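As a plain string of letters, each chain reads:
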Amino acid sequence: MLSIQDIKTVQSTIPLIEQAGTAVTDHFYTRMFSHNPELKDIFNLSNQHTGRQRVALFEAIVAYAKNLDNPAVLANAIERIANKHVSFNIKADDYNIVGHHLIETMRELLSHHFTQGVEQAWGKAYGILANIFISREEQLYSQRESSVGGWRGKRAFQLTEKTEESELVTSFTFKPVDCLPVMDYRPGQYVAIELQPDTSEHTEIRQYSLSTKANGQDYRISVKREENVKLGIVSNYLHNTLKVGDLVDLHAPTGDFFFIDKQRPVVLISAGVGITPMQAMLDTLAQNQYEHSVTYIHACENRAQHSFAEHTAHLCEQHGWHHYTWYNQEQGDSQCTFGGLIDFTQVELPLAEGDYYLCGPIAFMQFAKEKLLRLGVRDDRIHYEVFGPHATL
């Protein structure tokens, strides 16, 4: 339990941390990977190169410190991060390592400001946060392990099908080597794949949205091939090297972004490879003969990069749902195809009563959310998924 003095002590360091900026997290990761190189087999090093992971950690540290007296405001962020940790199979002991290097980083960077009182207060604050995550993550592990077809840790799967969906995206279907059932998932959730590409000296773990409805037998992910080979180690390996019959390890499905049936209109909005969780939602809605209106909106650069175009059109026409596409590099040619950037005023949307699900690049989702809010959509009816480190729109 943090005392009022502990809270004041921790919050007194916020200006120092903000002044140091991401130098804090740069130092932290350098220190941790130097002393505990085995963690390179868990962390996505591509996110280290781009700086996204470091920014996300810095923002999380500051947000937690600012809200020590009202941690409930961080509930959504904690749930999202806990799910991501489960996909990496993070264990309770890992928090001791992280906590040690975080405290030592502050001692080394804040020098004489980091007194014994400050260290003790931060130690307590970190311990409480770690216990929150450890408790929630154990709940998630236990739920998955006890589910029909569920498991804890990694499980061997075989690639049974590899299908090109567009110029950049390919789908991969995996069945368990043990031939036993696999647990169902909520449409929108993701699965983590663990492997070691020939071009990497470390085990790589990546999360990919499941791109079709659950069937209890196999899992399908749809992956965009990244042009930057260094940042797209896993995606390029999947596209260029992994063959039907090859084995990989998968971690049980998880994620806090998924469709919730609230018996009202649904609008699915995606850009680029953000289309993948929307396919799982659309397939599930079709399977369940959803009784309310469904509107499917997608944006991509051109027709060659439009994944699942025929499948989407078929389902929407079959069920009387609306579907609209914006091609940034091409002109529209029908009442449901447009050129340029998404313009919600060009189509009819259930602004007052609909639930909106967003997935795509962060800049796209920020743009879409801002436009929807301006049109009168309530903030609590806009749900989104961020690929990679946690971020808030």
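In this text the structure is predicted, and so the values were computed from the model without any measurement. (Residues numbered from 1 in each chain as written. Predicted model: local features only at pLDDT ≥ 70, side-chain atom pairs only at ≥ 80, totals over all residues. Heavy atoms only, no water.)

Trainee: Hey, could you run me through helix H11 (residues 309-319) in this one?
Mentor: Three- or four-residue spacings in an α-helix give side chains the same orientation, since the helix completes a turn every 3.6 residues. Every buried residue of H11 is accounted for by Thr 312, Ala 313, Leu 315 and Cys 316. Looking straight down H11, one finds its buried side chains confined to an arc of 165°; they lie on one side. Residues of H11 that are exposed and point over 90 degrees away from its buried face: Glu 310, Glu 317 and Gln 318. Against helix H10 (275-287), strand E8 (294-300) and strand E9 (322-327) lie the buried residues of H11. Following H11 by one or two positions, Gly 320 has its phi on the positive side, about 75°. (Buried < 20%, exposed > 50% of the residue type's maximum accessible area, 1.4 Å probe, protein only. Helix = DSSP H or I, 4+ residues; strand = E, 2+ residues; numbered from the N terminus. Arc of directions from axis to C-beta. Contact = heavy atoms within 4.5 Å.)

Trainee: What's the story with the pairing of strand E12 (residues 382-385) in this structure? I'm lost.
Mentor: Side chains on a regular strand alternate between the two faces of the sheet. On E12, burial covers both faces: Ile 382 and Tyr 384 on one face and His 383 and Glu 385 on the other are all buried. Here four bridges tie strand E11 (residues 355-359) to E12, and the two strands are oriented parallel to one another. Note on E12: the bridge partner recorded for Cys 359 is Glu 385. Between the parallel elements E11 and E12, the chain passes through helix H12 (residues 362-374) in a crossover that is right-handed. (Pairing = 2+ DSSP bridges. Right-handed = clockwise from strand over helix to strand, strands pointing away.)

Trainee: In this structure, what is going on with the sheet that holds strand E3 (residues 190-195)? I would like to understand it.
Mentor: Strands belonging to one sheet form pairs held by backbone hydrogen bonds; the direction of such a pair is parallel or antiparallel. With antiparallel pairing, the six strands of this open sheet are ordered in space as E4-E3-E6-E1-E2-E5. Every interior strand has two partners, whereas the edge strands, strand E4 (204-209) and strand E5 (219-224), have only one. Pairwise comparison of adjacent strand axes, ignoring direction, gives a mean angle of 40° for this sheet. When strand E1 (residues 154-164) meets strand E6 (residues 247-254), the two strands line up antiparallel, connected through five bridges. For Lys 154, the partnering residue across the bridge sits in E6 and is His 251. (Axes fitted to C-alpha atoms, helices over the stretch in contact; angles between N-to-C directions.)

Worth remembering: the numbers are spatial, not functional.
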